[in-house]
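Here are the chains, one letter per residue:
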2 protein chains.
Amino acid sequence: MTTRWLTPEEQRAWRAYIAAAHLLEDAIDRQLQQDAGMPHLYYSILSTLSEAPERRLRMTDLAEGLKITRPRLTYAVTRLEKDGLVGRESCRWDKRGSIAVLTDEGMAEVERAAPGHVETVRSALFDRLSPEQVGQLEEISRAIADGLQEDTGDEVPWRRRSSPSCS
Amino acid sequence: MTTRWLTPEEQRAWRAYIAAAHLLEDAIDRQLQQDAGMPHLYYSILSTLSEAPERRLRMTDLAEGLKITRPRLTYAVTRLEKDGLVGRESCRWDKRGSIAVLTDEGMAEVERAAPGHVETVRSALFDRLSPEQVGQLEEISRAIADGLQEDTGDEVPWRRRSSPSCS
DNA sequence: TAGGTTTGCTTCAAACTTGAACCAAGAGCT
DNA sequence: AGCTCTTGGTTCAAGTTTGAAGCAAACCTA
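Parameters at a glance
Residue indices follow the written sequence of each chain, beginning from 1 at its first position. Note on labels: chains are lettered from A, ligands numbered from 1, in written order. Only residues with pLDDT of at least 70 are given local features in this predicted model, and only at 80 or more are side-chain atom pairs given and counted; all residues enter the totals for whole chains, interfaces and linings. Side-chain measures here rest on the full set of heavy atoms in the structure, leaving out hydrogens and waters. Nearness is defined per residue: one heavy atom within 4 Å of the molecule or strand is enough. Contacts described as polar in this section are N or O atom pairs within 3.5 Å, which, within protein, must combine one atom able to donate a hydrogen with one able to accept it, while residues neighboring in sequence count only if both atoms come from side chains. By the criteria applied, helices consist of DSSP H or I runs no shorter than four residues and strands consist of E runs no shorter than two, each listed in order from the N terminus. Charged residues are taken to be Asp, Glu, Lys and Arg, nonpolar residues to be Ala, Val, Leu, Ile, Met, Phe, Trp, Tyr, Cys and Pro, and polar residues to be all remaining types, Gly included. For two strands to pair, DSSP has to find at least two bridges joining them. With axes taken as lines fitted to C-alpha atoms, and helix axes fitted only over the stretch in contact, angles between N-to-C directions fall between 0 and 180 degrees. Throughout, a residue-residue contact means that at least one pair of heavy atoms, one from each residue, lies within 4.5 Å. Least-squares superposition of the copies uses the C-alpha atoms of those residues scoring a pLDDT of at least 70 in each of them. Buried area: the sum, over both parts, of the accessible surface (1.4 Å probe) that disappears when the two are put together. Salt bridges are defined by distance alone: a side-chain nitrogen of Lys or Arg within 4 Å of a carboxyl oxygen of Asp or Glu. Each residue gets one of three labels from its accessible area relative to the maximum for its type: buried under 20%, exposed over 50%, partly exposed in between, using a 1.4 Å probe on protein chains only. As used here, the arc is the angular range of directions from the helix axis to the C-beta atoms. Joining through side-chain atoms within 4.5 Å is the link that ties buried Ala, Val, Leu, Ile, Met, Phe, Trp, Tyr and Cys residues into a set, and such a set is a nonpolar core.

Colleague: Explain the protein's contact with DNA strand C to me, please; I cannot follow it from the model alone.
Modeller: Close to DNA strand C lie 22 residues; T60, T74, R88 and R96 of chain A together with R79 of chain B are nearest. Atoms of DNA strand C within 4 Å of the protein: sugar and phosphate make up 72%, bases the balance. Here R96 of chain A contributes a side-chain N or O atom positioned 2.7 Å from a base oxygen of DNA strand C. Within the backbone of S98 of chain A, one N or O atom sits 2.8 Å away from a phosphate oxygen of DNA strand C. Breaking the surface near DNA strand C down by element, the ones donating at least two residues are α3 (59–66) and α4 (70–82) of chain A together with α2 (40–51) and α4 (70–82) of chain B. Looking at the surface near DNA strand C, the element that brings in the most residues is α4 of chain B, giving four residues. Grouping the amino acids of the surface near DNA strand C by side-chain chemistry returns seven nonpolar, five polar and 10 charged.

Written out as structure tokens, the structure reads:
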């Protein structure tokens, strides 16, 4: 089958998206690196844990939630552990399992860094968009994510993982 | 001033965006790595050069166009040069300058890899979006990019760089 | 309950990215 | 010309990411 090339509109959209994505991720990484000494992903890990029940999550769940590979998460958590911001516990129900726990220090760090981070996200993104555009962005993002996950889609509600606290 | 936290809509949009961006970039990187043995950025470099006049561009212009840092570009071009896909020329008007040139082999490689890449972009992104959404995505991306560039904005049409070909 | 497969996570080497430091060449004074 | 400041590009060390192994604990299925 002959290639369906991108239309001019699609090309423009694609290039604009790539550029914006680079610029945005850079801006956010830079701000967090400055202000909290860690890249965006690491902050996301802390932030995700801070909202989880008992501030703890299994590695795999964390990786899945953040859409990153497990080796990447392992590396990140190892560093955050060295910094004293997270700890690891083993799961007593599944001895293979490893659970990341946000320490008090980690929680404090999230709370300290959050305002600056939010301010950056706001000024770089939401201050530039109309409320309709915010909705559109969500729609578009979901469409993309849904499409890319349906292949890998472990959407099996039964066979659920162990309880979050796992304790 | 007290932090203006994200509204629930903004939070949803932000998270959806982060997830989609990760998934999309991963999918594209994976495909290109498989099919062309290089990450997305490297392909973008080749692709950008392929459309430039005389297939050549100054390093700084290339870095600016792709919104990446110069060290990153230097590293990438060094590798692509080792692979024989690009070459470097020095600019005779500005002896500091370095110009990346797409080789014939590089051009062939872009042409070989393009269909698969486009197919991936299409199936991951554009097949999922309505024409209106494509327009919205472009708008949103431009709003973000414009906002983030106005600080750094070298939007000075005079004081232009040397001619693209620089020869 | 033994054997084979899958799952959860880590480890490893190689590739990539980052920010600071560096160097040489242009530009703007005086 | 000489001096300084900026610009274009690379280099370097430290940090991060990747994909392929590796390993042990579950999960079959017989």
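Colleague: For this particular structure, what's the right way to read the sheet that holds strand β2 (residues 86–90) of chain B?
Modeller: Strand-to-strand pairing in sheets goes through backbone hydrogen bonds, with the strands running parallel or antiparallel. Residues and elements named next belong to chain B. Overall, antiparallel pairing links the three strands, which are arranged β1-β3-β2 in an open sheet. On the outer flanks of this sheet lie β1 (56–58) and β2, each paired with one strand and no other. Strand-to-strand twist in this sheet, taken as the mean axis angle between neighbours without regard to direction, amounts to 30°. Bridging between β2 and strand β3 (residues 98–102) involves five bridges; their strand directions are antiparallel. By the bridge assignment, R88 is partnered in β3 with A100. Along the sheet, α2 contacts β1, β2 and β3; its crossing angle with β3, the most-contacted strand, is approximately 90°.

Colleague: Would you take a moment to explain the relation of the copies chain A and chain B for this structure?
Modeller: Both copies of the chain are related by one operation, a rotation about an axis with a shift along it. Taken as rigid bodies, chain A and chain B are interconverted by a rotation of 180° and an axial shift of 0.0 Å, the fit giving an RMSD of 0.0 Å. Given the turn and translation reported, the copies of this chain are related as if by a two-fold rotation axis. Counting the interface residues of chain A, we find that 100% of their copies in chain B are interface residues as well, pointing to one common contact surface.

Colleague: How should I be thinking about the interface of chain A and chain B in this particular structure?
Modeller: Where interface size is given, it is often the accessible area lost as the parts come together that is meant. Residue-level contacts link 57 residues of chain A with 57 residues of chain B. Summed over both sides, the interface between chain A and chain B buries roughly 5,400 Å², with carbon and sulfur atoms accounting for 67% of that surface. Our count for the contact surface shared by chain A and chain B stands at 10 salt bridges. The salt bridge partner of R12 of chain A is E138 of chain B, with a shortest N-O separation of 3.1 Å. Of all elements in the fold, only α1 (8–36), α2 (40–51), α5 (104–124) and α6 (131–152) of chain A reach the threshold of two or more residues within the side of chain A that touches chain B. The residue inventory of the side of chain A that touches chain B, partitioned by class, reads 31 nonpolar, 10 polar and 16 charged.

Colleague: I'm lost on the protein's contact with DNA strand D in this one. Help?
Modeller: Lining the immediate surroundings of DNA strand D are 22 residues, of which R79 of chain A together with T60, T74, R88 and R96 of chain B lie closest. When the atoms of DNA strand D within 4 Å of the protein are grouped by moiety, sugar and phosphate amount to 71% of the total. Contacts to DNA strand D include Y75 of chain A, whose side-chain N or O atom sits 3.4 Å from a phosphate oxygen. Those elements giving two or more residues to the surface near DNA strand D turn out to be α4 of chain A together with α3 (59–66) and α4 of chain B.

Colleague: Whenever I open this one, α3 of chain B confuses me. Can you help?
Modeller: Since the α-helix turns once every 3.6 residues, residues separated by three or four places project in the same direction. Those residues of α3 of chain B lying buried are M59, L62, A63 and L66 of chain B. Down the axis of α3 of chain B, the buried set is contained in an arc of 95°. They therefore lie on one face. The elements touched by buried residues of α3 of chain B are α1 of chain A together with α2, β1, α4, β2 and β3 of chain B. Where α3 of chain B terminates, the next one or two residues include K67 of chain B, which has phi positive at roughly 60°.

Colleague: In this structure, what is going on with the nonpolar core? I would like to understand it.
Modeller: When a protein is soluble and globular, its nonpolar side chains tend to lie buried together. Ranked by size, the top nonpolar core spans 104 residues in total, and within it W14 of chain A together with W14 of chain B carry the most contacts. For W14 of chain B, the contacting residues outside a window of four places in its chain are L24, I28, H40, H117, V121, L125 and F126 of chain A together with L6 of chain B.

Colleague: Would you mind going over the environment of G97 of chain A with me for this structure?
Modeller: Residue and element names in this part refer to chain A. Examined against the element boundaries, G97 turns out to sit in the loop between β2 (86–90) and β3 (98–102). On the accessibility criterion, G97 (7% relative accessible area) is buried. Remark: the alpha-carbon pair of G97 and R58, spanning 39 residues in sequence, is separated by 7.0 Å. With near-sequence residues (within four places) excluded, G97 lies in contact with R58, E89, S90 and C91.

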